[in-house]
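Structural characterization, general
So the chains spell out like this:
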Amino acid sequence: MGSTEIKKEDIKLREVYLEDLKSVINLYQNSLTPIKHANGSGKGLTSDFGLPIGIAEKSGKVIAYSRVNIDSKGKPVFQIHSNEACEADTVCENLNRFSEKRFTAIWGADAAQSLSSNKPLQNAINRLVDWLNHCN
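A brief report on the enclosed structure follows. It should be emphasised that the depicted structure is a prediction, and the values quoted were computed from it without experimental measurement.

Concerning the sheet that holds strand β4 (residues 76-82)
With antiparallel pairing, four strands are arranged side by side in an open sheet as β1-β2-β3-β4. Of all strands in the sheet, those with a lone pairing partner are β1 (11-15) and β4, marking the two edges. For this sheet the average axis-to-axis angle between neighbouring strands, irrespective of direction, equals 20°. Across five bridges, the pairing between β1 and strand β2 (residues 51-58) is antiparallel. Within β2, the position partnered with Glu15 by the bridge is Gly54. Where helix α1 (residues 21-30) meets the sheet, it contacts β2, β3 (61-70) and β4, and its direction lies at approximately 75° from that of β3.

What to know about the packing of aromatic side chains
The final tally for this structure, using the stated rule, is two aromatic pairs. Ring centres of Tyr28 and Phe49 lie 5.0 Å apart, and the angle between their planes is 90°; this geometry places the pair in the edge-to-face category. With Tyr28 in helix α1 and Phe49 in the loop between α1 and β2, this residue pair connects regions lying 21 residues apart in the sequence. Classification of Phe49 by relative accessible area gives buried; the value is 0%. Seen in terms of ring centroids, Phe78 and Phe103 are 5.5 Å apart; in terms of plane orientation they differ by 85°. Their pairing is edge-to-face. Linking Phe78 in strand β4 with Phe103 in helix α2 (residues 89-107), this pair joins segments that are 25 residues apart in sequence. Comparing Phe78 with Phe103, the two get one shared label, buried.

Let's talk about the layout of surface pockets
Counted as a void, the largest pocket has a volume near 240 Å³. The wall of the largest pocket is formed by 13 residues, among which Val16, Leu51, Pro52, Ile53 and Ile106 lie closest to the centre. For the lining of the largest pocket, the secondary structure elements donating two or more residues are β2, α2 and α3 (119-135). Partitioned by chemical class, the residues of the lining of the largest pocket number eleven nonpolar, no polar and two charged.

Focus: α1
Listed in full, the buried residues belonging to α1 are Leu21, Val24, Ile25, Leu27 and Tyr28. On an axial view of α1, the arc spanned by its buried residues comes to 160°, and they lie on one face. In α1, the exposed positions that point more than 90 degrees away from the buried face belong to Lys22 and Asn30. Elements in contact with the buried residues of α1: β2, β3, β4 and α3.

Reading the values: the criteria
- Numbering of residues starts from 1 in each chain and follows the order in which that chain's sequence is written.
- Local features in this predicted model are restricted to residues of pLDDT 70 or higher, and side-chain atom pairs are both shown and tallied only at a pLDDT of 80 or more, whereas totals for entire chains, interfaces and linings draw on every residue.
- Calculation of side-chain values draws on the structure's entire complement of heavy atoms; hydrogens and water are dropped beforehand.
- One requirement defines pairing of two strands: DSSP has to find at least two bridges between them.
- We count a stretch as a helix when DSSP gives it H or I for four or more residues in a row; a strand needs E for two or more, and each element gets its number in order from the N terminus.
- Convention adopted: a line fitted to C-alpha atoms gives each axis, helices being fitted over their contacting stretch, and angles between N-to-C directions are expressed from 0 to 180 degrees.
- Note on contacts: a residue pair qualifies if any of its non-hydrogen atoms lie within 4.5 Å across the two residues.
- Note on ring pairs: Phe, Tyr and Trp rings are taken, using the six-membered ring of Trp, and paired if centres are within 6.5 Å. Classes follow the plane angle, with under 30 degrees stacked, over 60 edge-to-face and the rest tilted.
- A simple rule labels every residue: compare its accessible area, found with a 1.4 Å probe on the protein chains alone, to the largest value its type can have, and call it buried under 20%, exposed over 50%, or partly exposed in between.
- In this analysis the probe radius is 1.4 Å and the grid spacing 1 Å, with only protein atoms considered; a cavity is a set of points the probe fits into but cannot get out of, a pocket is an open set with protein on both sides within 12 Å along at least five of seven lines, and lining residues have an atom within 4 Å of a point.
- Grid points are joined across faces, edges and corners, and a volume is the space filled by probe spheres set on the points.
- The residue classification treats Ala, Val, Leu, Ile, Met, Phe, Trp, Tyr, Cys and Pro as nonpolar and Asp, Glu, Lys and Arg as charged. All others, Gly included, are polar.
- By construction, the arc corresponds to the directions joining the helix axis to the C-beta atoms.

Interpretation note: all reported values are geometric properties and have no functional meaning in isolation.
Have a look at this one:
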């Protein structure tokens, strides 16, 4: 019977740092159709950008990131953006689990409960997006 050994890739999961934001924005914008921003460019971010939570890194390069946003019912929703179809489903699953744990550690377990408890998260998303739009 043939061997089913899986080659282990050196993929590191970690939090998002300020220096990662350019790579995160590029991954996000590459997955979307450009929008028309108030300043006339098509590169403005909206609150749909969410709050980046986790990074998957391979050989020092960001290959995927996860973000959290609030859905219409006020519940947090995690999404993964990748430049390589997330390499493998296991990378996406691991990054999603990592991000959910980090989210709970930072925002608390009750942050997943209601729209009113997610106001601070929505404010953080809006402030980050506003800051990034002004920096670009």
